[in-house]
Protein chains: 2
Amino acid sequence: MNEQGDTPTAGAPTAPLAPGTRRPGGRTARTRAAVRDAVLTGLVEHGYPGLTVEYVAEHAGIHKTTLYRRWGNIEGLVADALDLAGEDSWAPPDTGSLEGDLRALAHTTAESFAAPATAAAPTAFIAAAFQSRRAAEALNAFYAGRFARCETIVGRAVARHELDRRTDAGALVRAVVSPLFLRLFITREPVDGELADQCAAAALAAARAGVFGTATDPEGADAPAGPA
Amino acid sequence: MNEQGDTPTAGAPTAPLAPGTRRPGGRTARTRAAVRDAVLTGLVEHGYPGLTVEYVAEHAGIHKTTLYRRWGNIEGLVADALDLAGEDSWAPPDTGSLEGDLRALAHTTAESFAAPATAAAPTAFIAAAFQSRRAAEALNAFYAGRFARCETIVGRAVARHELDRRTDAGALVRAVVSPLFLRLFITREPVDGELADQCAAAALAAARAGVFGTATDPEGADAPAGPA
């Protein structure tokens, strides 16, 4: 029910590495989604320090005591909004080649954070993680899930004999987007499509050079450490 | 004139890519340094949203009206503390090889953010940049300065014929540290020396593969675009 439904209030539906831009469907999820939307709006408007349970109650149209009972406090509300953001069905790009997939991943990351509408909510989550341990843990879990999904890019490349099967997929996909996140949230420099291409090319060159190699073979076959 | 003087209150003196961990000497700088230290302490203790001019005045032992007159407001105080952090004499590692320099850069970055004492102040600055445009601009300037200094690593490598002279030094040095910053401040994952080695190796492999190549030769000699 309402699987695709409702206009997202916190951004467009294409923001793979940007928490908080999708909205789930289903009757039982409606309250949670309303709370999540109110949390996002509040985070974007006021930042974590200015977000209150009262604000969320008012904007979600849900009584404050319900929020306290179910989510405990403002940290619980923010953490659950992040958990919910990770429960979508997003899958990484599948272009038919490793290079194409990595470029698409870099481009979609750069684009989602370059547009104010899609960048506001994830940026607010990233900022909240500096101030709330629970938000930081939830952000860690969100990205662990996102990058785990991205590992399919590497799995397909191994199947196509584009990469050694001992490649550390998690390290590779993180390498692709790292220079974008550095510029967006640390050095505060612009990112664009040209940089996205460079990010993908750099990670690919490193992967081909064996930099992300692990000692263990995921299939247990021809690992250099031998059987035993 | 106390060039090396005074115990740093905000961290050890070896934190190249970590703003706010050094303290300048000199009589005329004493007030500014005291204010900077108070800003850092306040940021670490209360975060940007909890930092007040009153707090800085009390902890720096300087009258509030002086702070308002010279720095304007709390944003001005934070921005100046960051500007001051960038005015040290830090130089990137010089180990005699490109690989050694990049590894040393990655290791010192990972280490400075792994130790709570040296990580607190720079982390507070990075967090403040989410909430203050002036802090974001000052952080951008701080890192622009830091990475510009790091470009000497690439210059030396070109002189040793380890790298093509058309290598984009800024892109290369940012690539080295990006995966560390991603894990430290976005995905909230641990970083260690092994990861630092991988970061350096990945950036080096990409550089050797020509990924950071630019169309223009800094010496104006054999640029593919030709003269004029």
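Scroll up for the structure.
Just so you know, these numbers come straight off a predicted model, no measurement behind them.

Reading the values: the criteria
Residues numbered from 1 in each chain as written. Chains lettered and ligands numbered in written order. Predicted model: local features only at pLDDT ≥ 70, side-chain atom pairs only at ≥ 80, totals over all residues. Heavy atoms only, no water. 1 Å grid on protein atoms, 1.4 Å probe; cavity = no way out; pocket = protein on both sides within 12 Å on 5 of 7 lines; lining within 4 Å. Points joined across faces, edges and corners; volume = space filled by probe spheres on them. Helix = DSSP H or I, 4+ residues; strand = E, 2+ residues; numbered from the N terminus. Nonpolar A, V, L, I, M, F, W, Y, C, P; charged D, E, K, R; others polar. Buried < 20%, exposed > 50% of the residue type's maximum accessible area, 1.4 Å probe, protein only. Polar contact = N/O pair within 3.5 Å; in protein donor to acceptor, adjacent residues only side chain to side chain. Axes fitted to C-alpha atoms, helices over the stretch in contact; angles between N-to-C directions. Parallel < 35°, antiparallel > 145°, perpendicular 65-115°, else oblique. Left-handed = near helix turned anticlockwise from the far one by under 90°. Contact = heavy atoms within 4.5 Å. Buried area = accessible area lost by both parts, 1.4 Å probe. Salt bridge = Lys/Arg side-chain N within 4 Å of Asp/Glu carboxyl O. Least-squares fit on C-alpha atoms with pLDDT ≥ 70 in both.

1. Here we look at the layout of surface pockets
Argument step 1. What the largest pocket holds in volume is close to 660 Å³.
Argument step 2. Together, 25 residues line the largest pocket, and A:Ala129, A:Phe130, A:Gln131, B:Thr123 and B:Arg188 are the ones closest to its centre.
Argument step 3. At the level of elements, helix H7 (133-159) of chain A together with helix H1 (30-50), helix H6 (116-128) and helix H8 (169-186) of chain B are the ones that each hand at least two residues to the lining of the largest pocket.
Argument step 4. In terms of residue count, H6(B) provides more of the lining of the largest pocket than any other element does, seven residues in total.
Argument step 5. Its residues placed into classes, the lining of the largest pocket shows 16 nonpolar, five polar and four charged.

2. With respect to the side chain of B:Thr118
Residue and element names in this part refer to chain B.
Argument step 1. Mapped onto the elements of the fold, Thr-118 is located in helix H6.
Argument step 2. Under the relative-accessibility criterion, Thr-118 is labelled buried at 7%.
Argument step 3. In this structure the side chain of Thr-118 is engaged in a polar contact, spanning 2.6 Å, whose partner is the backbone oxygen of Ser-112.

3. Remarks on the packing of helix H7 (residues 133-159) of chain B against H8(B)
All names here are of chain B.
Argument step 1. One can describe the packing of H7 onto H8 by two numbers: an axis separation of 8 Å at closest approach and a directional angle of 115 degrees. Between H7 and H8, the angle is such that the two are roughly perpendicular. Pair H7 / H8 crosses with right-handed handedness. Contacts between H7 and H8 involve Tyr-143, Ala-144, Phe-147, Cys-150, Glu-151 and Val-154 from the former and Ala-169, Gly-170, Leu-172, Val-173, Arg-174, Val-177 and Phe-181 from the latter.

4. Some remarks on the interface of chain A and chain B
Argument step 1. The interface is formed by 32 residues belonging to chain A together with 32 residues belonging to chain B.
Argument step 2. Approximately 2900 Å² of surface area, both sides summed, lies buried where chain A meets chain B, with 69% of it carried by carbon and sulfur atoms.
Argument step 3. Three residues, A:Phe130, A:Ile186 and A:Arg188, lead the burial of chain A against chain B; their summed loss comes to 24% of the area buried on that side.
Argument step 4. Across the chain A-chain B interface, the total number found is two salt bridges.
Argument step 5. Of the charged contacts in the structure, one is a salt bridge between A:Glu189 and B:Arg174, with a shortest N-O distance of 2.8 Å.
Argument step 6. In this assembly, chain A and chain B are joined by six residue pairs in polar contact (both at pLDDT 80 or more).
Argument step 7. Taken together, the elements giving at least two residues each to the side of chain A that touches chain B come down to helix H6 (116-128), H7, helix H8 (169-186) and helix H9 (193-208) of chain A.
Argument step 8. Looking at side-chain class alone, the side of chain A that touches chain B contains 22 nonpolar, six polar and four charged residues.

5. A look at the relation of the copies chain A and chain B
Argument step 1. Once chain A has been moved 0.0 Å along the axis and rotated by 180 degrees, it coincides with chain B to within an RMSD of 0.0 Å. Both copies of the chain, as the preceding transformation shows, are related through a two-fold rotation axis.
Argument step 2. Looking at chain A, 100% of its interface residues are interface residues in chain B too, so the copies touch through the same face.

6. As for the side chain of B:Arg36
Argument step 1. Along the chain, B:Arg36 falls in helix H1.
Argument step 2. In this structure the side chain of B:Arg36 is engaged in a polar contact, spanning 3.1 Å, whose partner is the side chain of B:Asp37.

7. Quick look at empty space enclosed by the protein
Argument step 1. Counted according to the given criterion, the structure contains three cavities of 30 Å³ or more.
Argument step 2. Its boundaries defined by the atoms lining it, the largest cavity holds a volume of some 220 Å³.
Argument step 3. What lines the largest cavity is a set of 24 residues, among which A:Ala175, A:Pro179, A:Ala202, B:Ala175 and B:Pro179 lie closest to the centre.
Argument step 4. Of the residues that constitute the lining of the largest cavity, the class distribution is 18 nonpolar, three polar and three charged.

8. A look at the pattern of salt bridges
Argument step 1. Enumeration according to the criterion identifies 26 salt bridges over all chains in this entry.
Argument step 2. Notably, a salt bridge pairs A:Arg32 with A:Asp80, separated by 2.9 Å at the nearest N-O pair. Of the two residues, A:Arg32 sits in helix H1 (residues 30-50) while A:Asp80 sits in helix H4 (residues 74-85), which places them 48 residues apart along the sequence. The exposure classification of A:Arg32 matches that of A:Asp80, with both residues buried.
Argument step 3. B:Glu162 is paired through a salt bridge with B:Arg160; the nearest N and O atoms lie 2.6 Å apart.
Argument step 4. For B:Glu162, a relative accessible area of 27% corresponds to the partly exposed category.
Argument step 5. Accessibility expressed as a relative area gives 30% for B:Arg160, which makes it partly exposed.

On their own, these measurements won't tell you what the molecule is for.
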